[in-house]
Amino acid sequence: MQSFFQSHGILTLLIVLPLLGAVAAYLSGERNARHVALWVGVAEFILSVPLFFYYRPGTSCGIGGPQTGMSNCIDAPWFPDWGIRYQLGMDGISLFMVLLTTLLLPLMVLGSWTYIRERERGFYASLLALTSGVVGVFVALDMFLFYVFWEMMLIPMYFLIGIWGGRERVYAAVKFFLYTAVGSLLMLVAILYLWHKAQAAGGAPTFSYFDFLRLQLTGREQFMLFMAFALAFAVKVPMFPFHTWLPHAHVQAPTAGSVILAGVLLKMGTYGFIRFALPLFPDAASDSRTVTWAMVLGLVGILYAAMVAAVQPNAKKLVAYTSVAHLGFVILGIFAFNLIGLQGALLVMIGHGLSTPMLFFLLGMLYERRHSYEIEDFGGLAASLPVFATLLVFAAMASIGLPGTAGFASEFLVLVGAFLSRPWMALVAALGVIFAAYYMLPMVQRMLFNPLSKRENRGLPDLNAREIGLLAPLVVLIILLGFYPRPVLDRMEPAAARVLELSQASRLAPELPAPPVAAAPDNR
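To start, this report covers the structure provided alongside it.

Calculation rules
Residues numbered from 1 in each chain as written. Predicted model: local features only at pLDDT ≥ 70, side-chain atom pairs only at ≥ 80, totals over all residues. Heavy atoms only, no water. Helix = DSSP H or I, 4+ residues; strand = E, 2+ residues; numbered from the N terminus. Rg over C-alpha atoms; globule rule 2.2 N^0.38 Å. Contact = heavy atoms within 4.5 Å. Areas by Shrake-Rupley, 256 points an atom, 1.4 Å probe, with all protein chains shown as cover. Lys, Arg positive; Asp, Glu negative; His and termini not counted. Charge placed at Lys NZ, Arg CZ, Asp CG, Glu CD. Expected span 1.5 Å × (residues − 1). Buried < 20%, exposed > 50% of the residue type's maximum accessible area, 1.4 Å probe, protein only. Phe/Tyr/Trp six-rings, centres within 6.5 Å; stacked < 30°, edge-to-face > 60°. Lys NZ or Arg CZ within 6 Å of the ring centre and 35° of its normal. Axes fitted to C-alpha atoms, helices over the stretch in contact; angles between N-to-C directions. Parallel < 35°, antiparallel > 145°, perpendicular 65-115°, else oblique. Left-handed = near helix turned anticlockwise from the far one by under 90°. Salt bridge = Lys/Arg side-chain N within 4 Å of Asp/Glu carboxyl O. Core = buried A, V, L, I, M, F, W, Y, C linked by side-chain atoms within 4.5 Å. Pairing = 2+ DSSP bridges. Patch = residues over 30% accessible without salt bridge, like charges linked within 9 Å, V, L, I, M, F, W, Y side chains within 5 Å. Polar contact = N/O pair within 3.5 Å; in protein donor to acceptor, adjacent residues only side chain to side chain. Bend = angle between axes of the 7 residues up to and from the residue. Nonpolar A, V, L, I, M, F, W, Y, C, P; charged D, E, K, R; others polar.

Turning our eyes to something else, we now look at the overall build of the chain. Along its length, the chain carries 21 helices and 2 strands. The C-alpha radius of gyration of the chain comes to 23 Å, within 12% of the 24 Å expected for a compact globule of 524 residues. When its C-alpha atoms are laid out on the principal axes, the chain stretches across 95 × 50 × 50 Å. Within the chain, counting contacts between residues at least 6 apart in sequence, those at least 24 apart form 81% of the total. For the chain, the accessible area works out to roughly 20400 Å², and carbon and sulfur atoms hold 67% of it. Looking at the chain, you have 32 positive and 27 negative side-chain charges, and the mean spots of the two groups are 5 Å apart.

Here you go:
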């Protein structure tokens, strides 16, 4: 008998529950909104945890064929006349993206418990609605449904930055919205083109991901469509040079906004490359020029972000630039086009989704006490805040990639995969690990171990039980993934191998012959 956790019902519930929670939080009033959001977040996480144990790598529920590797599937008509279906499924890649999302939700509520003082019901409703959209992105297998969820998360994130952000919140929110919307519109055009091609080939309209996988496209079509998808995902990652919206969004966003932005939203871009851009357009994606350019941009992101981060006076902006560097490793691993590199990229996504939110949580806790992110405003905090200092050093070491943390295991796999594909790029990327210490350690030194010269930093209260409790799961998971990532890698491996198989199988249609040119009339 099939368990509920092996059916589509659990995926539908994980999408619908935060939406219902958003309505409940908004209607419950200002005083009760955070309590409703916390209970919904805890319930969402508890419901998602059994997915880790019930998921069987390599099995398939049959949707799209017997070899898809998808579980928890549903394929029901939604708008059948247009070929739009309610099609969900999960494999080893989307499994951990969903778990990461549901883990961060209750932690973000706890992190905002005393941080958010105004318009609380709108804040928590936006946070819950955003979670619903993100989960939907990771499990949608109908391209129209995927696009709906992709756009759905944009609106609450815009409000989180624009209403509860810092002094320049409106500028940061508008910039975030415009960058994402432009890329998304190009992706929508590409999806509609694929819909038209699928209808012409099969005789019936369809937006199914699996029907799109069967399409034969010419080299020019693949290249143009790949670029449309890649631009949308590159903006979301963000890859250099599309990263300029990210530092503003991070600095101006409230702590929970920065956490979900770094922890989950950026991963939507790399997930899009893995799930859609590479398998749908394999010839364009695996072309040597495409691979070279993508890996070079990943390298530039790693090195450029490290150098810019090293000169940042604002601690939150420094951590924001580290995301560009870490996601550069992900791009490097994806376009290595081998299993080691891809699994390393996926592990970087998870490790970064734990260590960077931890850094943002800690900086947010410090901001509540000191109302500043400027590094020069601190010094000697190790004496007055010993627990805070210990956890900040741990989070910084995890971000650098110290052995024994998730960052080391993941970046090591990426470098091995990149070396098998482009050895010289792996050697250059290894410099990024050194540069990570170059920008992270001076920040820790200046904030924690410099002389305690400023009177405002004396007598600050150390972390309380709530703050330690919300950071504890991140510490445990960072260490577990650092010492024993095998359960994660084993569940990911069949899905990653399937992506590589699809990405390296040519589906090139012959170019259409040019129409004959009519002979010029002889007027003699």
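The structure having been displayed, the exposition proceeds.
Let us look at helix H9 (residues 219-236). Taking 1.5 Å of rise per residue, the 18 residues of H9 would be expected to cover 26 Å, and the 26 Å separating its terminal C-alpha atoms lies within 8% of that figure. The set of residues buried in H9 consists of Glu221, Gln222, Leu225, Phe226, Ala228, Phe229, Ala230, Ala232, Phe233, Ala234, Val235 and Lys236. As for H9, its buried residues are in contact with helix H5 (143-152), helix H7 (169-202), helix H10 (245-252), helix H11 (255-280), helix H12 (282-285) and helix H13 (288-310).

A few words now on the packing of aromatic side chains. In this description, a pair of aromatic rings is defined by centroid distance and the angle of the planes. One pass over the structure, following the stated rule, counts 28 aromatic pairs. When the ring of Tyr271 is compared with that of Phe276, the centres are 6.4 Å apart and the planes differ by 80°; the resulting orientation is edge-to-face. For Phe276, a relative accessible area of 0% corresponds to the buried category. For the cation-ring pair, Arg121 lies above Tyr26, with the distance from its terminal atom to the ring centre recorded as 4.2 Å.

In this section: the packing of H11 against helix H14 (residues 315-334). Two elements in contact, H11 and H14, have axes whose closest approach is 11 Å; the angle formed by their N-to-C orientations is 15°. Relative to H14, the element H11 lies roughly parallel. Relative to H14, the crossing made by H11 is right-handed. Counted together, Thr255, Ser258, Ala262, Leu266, Lys267, Thr270, Phe273, Ile274 and Leu278 of H11 and Lys316, Ser323, Leu327, Val330, Ile331 and Ile334 of H14 form the full contact between these two elements.

Attention shifts here to the pattern of salt bridges. For the structure on display, the rule yields 10 salt bridges. With its nearest N and O atoms 3.2 Å apart, the salt bridge here joins Lys197 to Glu221. Placement of Lys197 in helix H7 and of Glu221 in helix H9 is noted, with a sequence separation of 24 residues between them. With relative accessibility at 24%, the residue Lys197 sits in the partly exposed group. Measuring nitrogen to oxygen at the nearest pair gives 3.9 Å for the salt bridge that ties Arg466 to Glu467. Taken together, the shared-partner salt bridges connect Arg369, Arg466 and Glu467 into one network.

All right, on to the nonpolar core then. Ranked by size, the top nonpolar core spans 197 residues in total, and within it Phe229, Phe273, Leu280, Phe335 and Leu362 carry the most contacts. For Phe273, the contacting residues outside a window of four places in its chain are Ala230, Phe233, Ala234, Val237, Met239, Leu278, Pro279, Ile331, Ile334 and Phe335.

A few words now on the pairing of strand E1 (residues 71-79). Sheet topology places E1 next to strand E2 (residues 84-90); 6 bridges connect them, and they run antiparallel. Counterpart to Ala76 in the pairing with E2 is Tyr86. Hairpin geometry of E1 and E2 is characterised by an intervening segment of 4 residues between the two adjacent antiparallel strands and by a positive phi of about 80° at Gly83.

What follows concerns the side chain of Thr322. Secondary-structure assignment places Thr322 in helix H14. Leave out the neighbours within four places in its chain, and Thr322 touches Tyr439 and Met440.

On to a nonpolar patch on the surface, then. Judged by side-chain polarity, Trp78, Phe79, Trp82 and Val148 come together as a nonpolar surface patch covering roughly 410 Å² of accessible area. Within the element layout of this structure, Trp82 appears in the loop between E1 and E2. A relative accessible area of 54% places Trp82 in the exposed class.

With that out of the way, let us pick up the side chain of Lys175. Inspection of the secondary structure puts Lys175 in helix H7. Of the side chains bearing the opposite charge, Glu168 lies closest to the buried Lys175, which forms no salt bridge; the N-O distance is 9.2 Å. From its side chain, Lys175 meets the backbone oxygen of Thr244 in a polar contact 3.5 Å long. The residues contacting Lys175, other than those within four sequence positions of it, are Thr244, Trp245 and His248.

Right, let's talk about helix H19 (residues 423-449) for a bit. In this model, H19 (27 residues) spans 39 Å end to end at C-alpha, consistent with the 39 Å of a helix rising 1.5 Å per residue. Ile434 marks the point of greatest bend in H19, at about 25°. The complete set of buried residues in H19 reads Met425, Ala426, Ala429, Gly432, Ala436, Tyr439, Met440, Met443, Val444, Met447 and Leu448. Contacts from the buried residues of H19 go to H13, H14, helix H15 (339-370), helix H16 (381-384), helix H17 (386-400) and helix H18 (406-421).

Let us now look at the packing of H5 against helix H6 (residues 154-164). It is the contact of H5 with H6, at a shortest axis distance of 4 Å, that shows an interaxial angle of 5°. If you check the angle between H5 and H6, you find them roughly parallel. Residues Trp150, Glu151 and Met152 of H5 touch H6, and the partners they reach there are Leu154, Ile155 and Pro156. Residue composition of the contact of H5 with H6, grouped by class: 5 nonpolar, no polar and 1 charged.

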